[in-house]
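# Chains, contacts and geometry: an overview
Single-letter residue listing:
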Amino acid sequence: GMDLYIADPEYLGKGYGTQTLREFIALIKQKQNVKRIIIDPHVENIAAIKTYEKVGFKQIRQEEQPNYGHVVIMELDCQ
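Residues numbered from 1 in each chain as written. Predicted model: local features only at pLDDT ≥ 70, side-chain atom pairs only at ≥ 80, totals over all residues. Heavy atoms only, no water.

## Looking at the pairing of strand β1 (residues 36-39)
For a regular strand, side-chain orientation follows a simple rule: the groups alternate between the two sheet faces. Alternating residues of β1 divide into I37 and I39, all buried, and R36 and I38, none buried. As paired strands, β1 and strand β3 (residues 69-77) are joined by four bridges and run antiparallel to one another. When the bridges of β3 are listed, I37 appears paired with L76. (Buried < 20%, exposed > 50% of the residue type's maximum accessible area, 1.4 Å probe, protein only. Helix = DSSP H or I, 4+ residues; strand = E, 2+ residues; numbered from the N terminus. Pairing = 2+ DSSP bridges.)

Following this line, the structure appears as structure tokens:
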């Protein structure tokens, strides 16, 4: 699993998240034998969900997590 956070709202919507994800995923694939990556954005975080989909993540299901609320479980197949 992975978790990302861009601290300053001024950086949102400028492609930094998409580019960071692509580079991070490429690095993970190079360095480790990873079969898949899982991420779980909050269901209301539409911008994050769209960004994850843009780099290849697929929505698997939604679930309730005790400390975080309603999330979308997303998976990226790395094989």
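## Thoughts on helix α1 (residues 16-31)
The end-to-end C-alpha distance of α1, which contains 16 residues, comes to 22 Å, matching closely the 22 Å that a straight helix rising 1.5 Å per residue would cover. Inspection of α1 places T18, L21, I25 and I28 among the buried residues, and these make up the whole buried set. Taken end-on, α1 shows its buried residues confined to a sector of 95 degrees, consistent with a single buried face. Of the exposed residues in α1, those oriented more than 90 degrees away from the buried face are Q30 and K31. (Expected span 1.5 Å × (residues − 1). Arc of directions from axis to C-beta.)

## Brief notes about the nonpolar core
Core analysis: the largest hydrophobic core is formed by 15 residues, its most contacted members being I25, I37, Y52, F57, M74 and L76. Secondary structure elements with two or more residues in this core: α1, β1, α2 (46-54) and β3. (Core = buried A, V, L, I, M, F, W, Y, C linked by side-chain atoms within 4.5 Å.)

## Focus on the pattern of salt bridges
Scanning the entire structure with this criterion turns up two salt bridges. The salt bridge involving R36 is made with E75; its shortest N-O contact spans 2.7 Å. You can see R36 sitting in strand β1 and its partner E75 sitting in strand β3, a full 39 residues away along the chain. E75 sits in the partly exposed class, given a relative accessible area of 23%. (Salt bridge = Lys/Arg side-chain N within 4 Å of Asp/Glu carboxyl O.)

## So, the pairing of β3
Sheet topology note: the strand β2 (residues 58-65)/β3 ladder contains seven bridges and is antiparallel. The residue of β3 that forms the bridge with E64 is H70. The hairpin formed by β2 and β3 contains three residues between the paired strands.

## Regarding the environment of I37
Within the secondary structure layout, I37 lies in strand β1. Sequence separation between I37 and I25 is twelve residues, and the spatial gap between their C-alpha atoms is 8.6 Å.

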